Amino acid sequence: MKLPLPTPCSVCPAPRIPRLGRGSPLHRRLESVPVRACALQDPSMARVPAPLWPPLLLALTLMGAPTEAGIEKVAVEAPSQVHGFVGDNVTLPCKLLSPESKPPKVTQITWMRREASGELSRVAVFHPVQGSHIPESDRVEFLAAQQGTDLLNASITVRGLRAQDEANYTCEIATFPRGSGSKRIWLRVFSRPQNEAKSLAVQQSSEPVPVARCISSGGRPTPRISWVPDLGGKINESQEHLSGTITVTSDLILTPSSQEDNKRVTCQVEHETLDTPDELHVTLSVQYAPQVSISRHDTGQQGHRETSLTCDAHSNPEPKSYDWSTTTGPLPPSAVPQGSRLLIQPTEESINTTFICHVSNDLGTGQADLRVQLPGIREQSRSLSALWIILPIAIVMLVVPLGVLVYFRCRRQSRQDPHRSSANGAVSYTAVEREASAPQDLPTEGARGQTDRPGDMRHGLG
């Protein structure tokens with residue numbers, strides 16, 4: 001006796017799926033299994049109570065599903081960051097770590113890239129049977145993955161690196177029976193900047209203007225520019241983006257004056273591709289009209305002395321012409337101009353003149369004046385003659401009083417000491433003048449002997 005089969009429209013109630021994490025392998029397998037009574041061809045199965053289906057399906061699913069512990073054992077090794085330069089080739093390393101002697105079977109290698117917008121895009125896929133699939137096969141290739149190998153090395157190489165290649169890349173390796181593992185790598189793309197600095201020719205003014213400019217072009221990431229020393233000005237900086245690189249322009253702004261002309265400043269560029277800052281030296285150029293002064297120099301001896309005047313001018317650009325004149329008109333014949341120098345030769349007549357020096361360049365004219373007083377040759381000769389006359393008179397007037405003073409001083413001393421003892425104790429006598437009207441004859445030798453006796457000492461003195 002045959003039992004009636006269930007009608008095609010009769011459907012058994014859906015089994016209650018255990019509460020698992022949505023997206024897990026077990027959850028996906030349970031959802032993919034339909035339970036319809038019309039699909040049962042064995043009549044005996046139709047009488048199986050519905051509550052017995054969930055344990056049965058769960059047991060069948062667990063037989064081929066990897067466990068959570070197996071998923072945790074998949075370890076992938078890759079650096080967190082890799083950098084390269086624009087135009088170069090770069091390798092993104094990624095390897096499967098397997099401490100066991102028998103590595104797991106790699107079922108697929110997948111590289112993904114997260115764009116700046118957050119969108120994911122596929123970079124490369126490798127399957128052991130179907131081979132590789134790479135959208136940009138002319139630039140991207142697997143380094144070691146080939147059909148028939150163990151596929152433990154999932155590294156890829158990117159050729160002709162571009163600024164747009166900078167992103168976060170994910171390397172995912174799927175295995176059986178352990179599951180899959182992944183690592184994220186940040187690929188940074190660098191570009192060395194080209195640096196230059198120059199001065200800007202400006203004219204002296206009261207308004208601040210750019211006097212120097214420093215440009216760092218084609219850098220990635222953004223270069224940093226600074227100026228030393230600090231001259232008290234301002235910095236104006238702008239950026240321009242081109243093909244993923246950045247060009248930075250920095251202007252040094254000052255109030256230009258003659259004091260800033262010829263000063264030296266340095267532009268310093270810092271960048272991650274440079275070990276030390278790149279220093280570029282700039283000499284400022286401020287154009288201004290001549291600033292003039294006159295200096296005097298005298299050479300030679302009295303009577304043959306020459307005087308020269310030098311016109312000292314500071315200007316930018318350099319002076320074009322020097323013109324000499326006086327406040328009364330043209331130069332005297334004794335003054336000979338020699339460019340920035342004026343030579344004044346000795347003359348018969350004296351000179352008492354104010355000389356003027358005019359200096360010109362492309363921006364204007366500057367001038368300075370100096371008053372010069374010079375005696376003529378005649379006056380110098382008269383002065384010398386008078387000097388030779390006055391000098392002896394002065395000497396006589398100085399020596400004669402001095403001699404008279406010495407004479408009277410010596411005579412005064414001789415009067416104060418009329419009798420002075422000699423060295424042997426004898427008495428020395430002062431000479432007594434004899435009256436010219438009664439001269440006496442000198443005694444003879446015999447008479448001198450008589451007068452030398454001690455008894456006649458008093459007579460002789462009388």
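Residues numbered from 1 in each chain as written. Predicted model: local features only at pLDDT ≥ 70, side-chain atom pairs only at ≥ 80, totals over all residues. Heavy atoms only, no water.

A word on the pattern of salt bridges. Within the structure shown, the criterion is met by 12 salt bridges. Taking the shortest distance from any N to any O, the salt bridge between E136 and R139 comes out at 3.3 Å. On the accessibility criterion, E136 (30% relative accessible area) is partly exposed. In this structure, R220 and E166 form a salt bridge, with 3.4 Å as the shortest nitrogen-oxygen distance. Taken together, the positions of R220 in the loop between strand 14 (209–219) and strand 15 (224–228) and E166 in the loop between strand 9 (156–158) and strand 10 (167–176) put the pair 54 residues apart, joining distant regions of the chain. On the accessibility criterion, R220 (17% relative accessible area) is buried. Under the relative-accessibility criterion, E166 is labelled partly exposed at 26%. The network of salt bridges with common partners includes R113, E115, E136, R139, R162 and D165. (Salt bridge = Lys/Arg side-chain N within 4 Å of Asp/Glu carboxyl O. Buried < 20%, exposed > 50% of the residue type's maximum accessible area, 1.4 Å probe, protein only. Helix = DSSP H or I, 4+ residues; strand = E, 2+ residues; numbered from the N terminus.)

Turning to the packing of aromatic side chains, a few remarks are in order. For the coordinates displayed, the defined rule picks out 2 aromatic pairs. Arranged with centres 6.1 Å apart and planes meeting at 65°, the rings of F85 and F190 form a pair that is edge-to-face. Placement of the pair is F85 in strand 2 (residues 81–85) and F190 in strand 11 (residues 179–190), with a sequence separation of 105 residues. Among the residues examined, F190 registers a relative accessible area of 7% and is labelled buried. With a centroid separation of 5.6 Å and an interplanar angle of 65°, the aromatic rings of F126 and F142 are classed as edge-to-face. Highlighted residues: F126 in strand 6 (residues 120–127) and F142 in strand 8 (residues 140–142), separated in sequence by 16 residues. By the burial criterion, F126 is buried, and F142 matches it. We note R192 situated over the ring of F85; from NZ or CZ to the ring centre the distance is 4.0 Å. (Phe/Tyr/Trp six-rings, centres within 6.5 Å; stacked < 30°, edge-to-face > 60°. Lys NZ or Arg CZ within 6 Å of the ring centre and 35° of its normal.)

So, on to the environment of P333. Summarising the element assignment, P333 is placed in the loop between strand 22 (321–326) and strand 23 (335–338). C-alpha of P333 to C-alpha of I344: the two residues are 11 residues apart in sequence and 8.9 Å apart in space.

Strand order in the open sheet formed by 3 strands is 22-25-26, and the pairing between neighbours is antiparallel. Edge positions in the sheet fall to strand 22 and strand 26 (364–374), since each of these pairs with one other strand and no more. Within the sheet, the average angular offset between the axes of one strand and its neighbour, ignoring direction, is 20°. Judged from the 6 bridges that link them, strand 22 and strand 25 (residues 351–361) form a sheet pairing that is antiparallel. Within strand 25, the position partnered with T326 by the bridge is F355. (Pairing = 2+ DSSP bridges. Axes fitted to C-alpha atoms, helices over the stretch in contact; angles between N-to-C directions.)

Pairing within the open sheet is antiparallel, and its 3 strands lie in the order 3-9-8. This sheet does not close on itself; its edge strands, each paired only once, are strand 3 (90–92) and strand 8. Taken over all neighbouring pairs, the strand axes of this sheet differ in orientation by 25° on average, direction set aside. In the sheet, strand 3 pairs with strand 9 via 3 bridges, with the strands oriented antiparallel.

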